[in-house]
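# Structural description and commentary
Residue-level listing of the chains:
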Amino acid sequence: QESRVMRKVDFRLIPWLMVCYTALNVSEWQGSGNISAALIINAEQPTHTLLVELGLSGTQLNWALSAFFFGYVLFEIPSNLMITRFNPSRWIARIMTSWGILAACMGAVHDFVGLTVVRCLVGVMEAGYSPGTALYLSFWYKKYEGMLLLSSRWAYMFGGAGIMSSFSGVIAFGVANMDQVLGISGWRWLFLLEGAASTLLGIATWFLLPDYPQTARFLSDREKEIVIGRLPPTAPSVAAKKMKVAEILDAFTDWRMYALGFALLLQLCATYAIAYFLPSVIRDMGFVSTSAQLLTIPIALATSMYIFLMLVLCPTLHSQLGA
């Protein structure tokens, strides 16, 4: 009975979170995200490209790309704390809607300063989404529970979104053909359309994402008891509207946080280099811009498939080590 109820929770939460995370991947950082794709759209007509229209030098482009992280880093923790003040569906919907609007605004900038400011604001608005979804899942799942644990659900969300967003190269391929439609360049159309899609998904999240097991309409009273009864007394819940300052400060004294942060730093140095410049690198290998967009698909697809492979293999290895 418990397994049946948790499968019901899985099918209610994870698919929509995959869709939401796909919007994040496409809008910002996945290998064929909009900024990396926009850099080479219509490169065969140089006067129609982002770099030429905005008059960007190589150094200015790097600063504009990096500006995202200033706002993102500063507001990551405050944003995540706000989930305890607002219902998760409301706060996650706010994040998605605001980052979608700002992402669309990148299609209206006209110089280096405008692009840098908007990208910094995108980071501010997007801050808290990834750790926020992890916190949100802790309202529903245990930390340690075989293949029913919280981290596996986050991995399914991440991997599934990666598979869907890997085809964003197809979107960039199609949008390239919209160059000069209504007098708007192709790269501007890419920001406008993908930003609008994220905004609409954010609005839908307000209505479609359940908040807590205690308030979930798709669960019966007995099913709510089962989900809630599985969680430890210290688990986040609908009643946990305040977070103690001592608990926050305690996290900063945990050496594991710094160790994991350093490990993530080493990973992201390579990850973001690929995410922002992969289409440009492929194009510089001699491919036309449209082909370069499509060639990003198998790379991103292989990455996501590897996640699912690890999800299948890790429980088997864990059980063998335990035996």
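Everything numeric here is computed off the predicted structure, so don't read it as measured data.

### Observations concerning the overall build of the protein
When its secondary structure is counted, the protein shows 14 helices and zero strands. Of the regular secondary structure in the protein, the N- to C-terminal order runs α-α-α-α-α-α-α-α-α-α-α-α-α-α. For the protein, whose C-alpha radius of gyration is 21 Å, the value lies close to the compact-globule estimate of 20 Å for 323 residues. Expressed as lengths along the three principal axes of its C-alpha atoms, the size of the protein is roughly 60 × 40 × 40 Å. Expressed as a percentage of the 323 residues in the protein, the buried residues total 46%. Expressed as a percentage of contacts within the protein between residues at least 6 apart in sequence, the contacts between residues at least 24 apart total 79%. As displayed, the protein offers around 15,900 Å² of accessible surface, 71% of which is attributable to carbon and sulfur atoms. Computed over 21 positive and 19 negative side-chain charges, the separation of the two mean positions in the protein equals 11 Å.

### Focus on the UniProt feature "transmembrane region" (unreviewed entry) in the protein
In the UniProt entry, the feature "transmembrane region" (unreviewed entry) is given for residues 61–79, 91–109, 154–177, 189–209, 257–282 and 294–318. Strand forms 0% of residues 257–282 and helix 100%; the C-alpha atoms that close the span are 36 Å apart.

### Focus: the environment of Phe158
Relative to the helices and strands, Phe158 is located in helix H8 (residues 150–165). Distance from Phe158 to Thr22, taken between C-alpha atoms, is 8.4 Å for residues 136 residues apart in sequence.

### Some details on the packing of aromatic side chains
Scanning the model with the defined rule gives 17 aromatic pairs in all. Their ring planes at 35° and their centres at 6.5 Å tell us that Trp63 and Phe70 sit as a pair that is tilted. The partly exposed category is assigned to Trp63, whose relative accessible area is 48%. The exposure class assigned to Phe70 is partly exposed, which follows from its relative accessible area of 46%. An angle of 85° between the planes, with centres 5.1 Å apart, marks the rings of Phe68 and Phe69 as edge-to-face. Of the aromatic side chains, those joined through ring pairs into one cluster are Tyr21, Trp99, Tyr129, Trp154 and Phe158.

So, how was this worked out
- Residues numbered from 1 in each chain as written.
- Predicted model: local features only at pLDDT ≥ 70, side-chain atom pairs only at ≥ 80, totals over all residues.
- Heavy atoms only, no water.
- Helix = DSSP H or I, 4+ residues; strand = E, 2+ residues; numbered from the N terminus.
- Rg over C-alpha atoms; globule rule 2.2 N^0.38 Å.
- Buried < 20%, exposed > 50% of the residue type's maximum accessible area, 1.4 Å probe, protein only.
- Contact = heavy atoms within 4.5 Å.
- Areas by Shrake-Rupley, 256 points an atom, 1.4 Å probe, with all protein chains shown as cover.
- Lys, Arg positive; Asp, Glu negative; His and termini not counted.
- Charge placed at Lys NZ, Arg CZ, Asp CG, Glu CD.
- UniProt positions renumbered as here; feature names shortened; annotations may be inferred.
- Phe/Tyr/Trp six-rings, centres within 6.5 Å; stacked < 30°, edge-to-face > 60°.

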